[in-house]
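# Descriptive analysis of the structure
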Amino acid sequence: MTVSKQPAIASPRIAPSQPESNFAPRLSHRRRVRVDSRQVWLAIATLTLITVLAFASPAFAHHPFGGTTPQTGLAGLLSGLGHPVIGADHFVFVLVGGLLSALLGRPAAVTGAFLLATLAGVGLHLMALDLPALELTISLSVLLLGTLVAWGRTLSLWPVLVVTTAAGLFRGYAYGEAIVGAEPTPLLGYLLGLTVIQGAIALGTYFVIGKHLPSVPRLSQIRAAGFIACGAGAAFLSGVVLG
């Protein structure tokens, strides 16, 4: 009698349990968020200083040389260089414009549109045309651009250009107050100073972020700066609304 041999059924192999240490690489891939206390205190100090400046002087009242009209080309140039710097609202806005350029990767387009709109706004003021709600719009523009930067999402170029152009038009109108009644030579010096200093601030911000910040934390740093700009914009807006 022949006995047929059935093939042995291989029992399923149970993989040995991995030691707990093998899970360490998985846990190490989790993103850890570390908050530097020095950055927090720096942000608080910055917002405090900007708030004091916002309540101390309105956006429309920043005039180099004590509000006197420049009489020479050099005086016009220095006035144009100083106006966007001594006004905290103007300075913060130009910085945020550089941050927005870093998000889009289009510094020439964003900065160029803003600078051209600024010159057009100065021209509107010299032609004695009025823009409504000037100080309110200037303060809102800081808050709006800060919100776009803090959002940190990929933005389309054209909506950003519309916002920056409109904001530049109103800011240029405010800049024009310092040069009303000036002769052509100081006027040209003033416009040159405005263009150079604002372009330097915006493009400088873009290149510092692009060259000196590592690629991984870059977005988080830009968004953090956007939140600071939102706080500054809210302070400027409060200064205008509350007088």
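What counts, and where the lines are drawn
- Residues numbered from 1 in each chain as written.
- Predicted model: local features only at pLDDT ≥ 70, side-chain atom pairs only at ≥ 80, totals over all residues.
- Heavy atoms only, no water.
- Axes fitted to C-alpha atoms, helices over the stretch in contact; angles between N-to-C directions.
- Helix = DSSP H or I, 4+ residues; strand = E, 2+ residues; numbered from the N terminus.
- Parallel < 35°, antiparallel > 145°, perpendicular 65-115°, else oblique.
- Left-handed = near helix turned anticlockwise from the far one by under 90°.
- Contact = heavy atoms within 4.5 Å.
- Nonpolar A, V, L, I, M, F, W, Y, C, P; charged D, E, K, R; others polar.
- Phe/Tyr/Trp six-rings, centres within 6.5 Å; stacked < 30°, edge-to-face > 60°.
- Buried < 20%, exposed > 50% of the residue type's maximum accessible area, 1.4 Å probe, protein only.
- Patch = residues over 30% accessible without salt bridge, like charges linked within 9 Å, V, L, I, M, F, W, Y side chains within 5 Å.
- Areas by Shrake-Rupley, 256 points an atom, 1.4 Å probe, with all protein chains shown as cover.
- Salt bridge = Lys/Arg side-chain N within 4 Å of Asp/Glu carboxyl O.

## Concerning the packing of helix α4 (residues 88-104) against helix α7 (residues 157-175)
To describe two helices that pack against each other, one gives the angle between their axes and the distance between the axes. Put simply, α4 and α7 touch, their axes get as near as 12 Å, and they point 160 degrees apart. It follows that α4 is roughly antiparallel to α7 by the angle criterion. For the pair α4 and α7, the sense of crossing is left-handed. Taking contact as the criterion, the partners of Asp89, His90, Phe93, Leu100 and Leu104 in α4 are, on α7, Leu157, Val160, Thr164, Ala167, Arg171, Ala174 and Tyr175. Of the residues contributing to the contact of α4 with α7, the split by class is eight nonpolar, two polar and two charged.

## Quick look at the packing of aromatic side chains
By the definition in use, this model includes two aromatic pairs. Ring plane angle 45 degrees and centroid distance 5.2 Å describe the contact between phenylalanine 93 and phenylalanine 114, whose orientation is recorded as tilted. Residue phenylalanine 93 is found in helix α4, and its partner phenylalanine 114 is found in helix α5 (residues 107-126); the two are separated by 21 residues along the sequence. The exposure class assigned to phenylalanine 93 is buried, which follows from its relative accessible area of 2%. Under the relative-accessibility criterion, phenylalanine 114 is labelled buried at 8%. An angle of 75 degrees between the planes, with centres 5.1 Å apart, marks the rings of tyrosine 206 and phenylalanine 207 as edge-to-face.

## Examining a nonpolar patch on the surface
Among the surface-exposed residues, Leu136, Leu140, Val241 and Leu242 lie close enough to one another that they form a single nonpolar patch of about 380 Å² accessible area. Only α6 (134-151) and α9 (215-242) provide two or more residues apiece to the nonpolar patch. One can find leucine 242 in helix α9.

## Focus: the packing of α4 against α6
The N-to-C vectors of α4 and α6 enclose an angle of 30 degrees; their axes lie 9 Å apart at closest approach. By the criterion of interaxial angle, the relationship of α4 to α6 is roughly parallel. Considering only the axes of α4 and α6, their crossing is left-handed. Together, Asp89, Val92, Phe93, Val96, Gly97, Leu99, Leu100 and Leu103 of α4 and Ile138, Ser141, Val142, Leu145, Gly146, Leu148 and Val149 of α6 make up the contact between the two elements.

These figures come from the coordinates and say nothing about function on their own.
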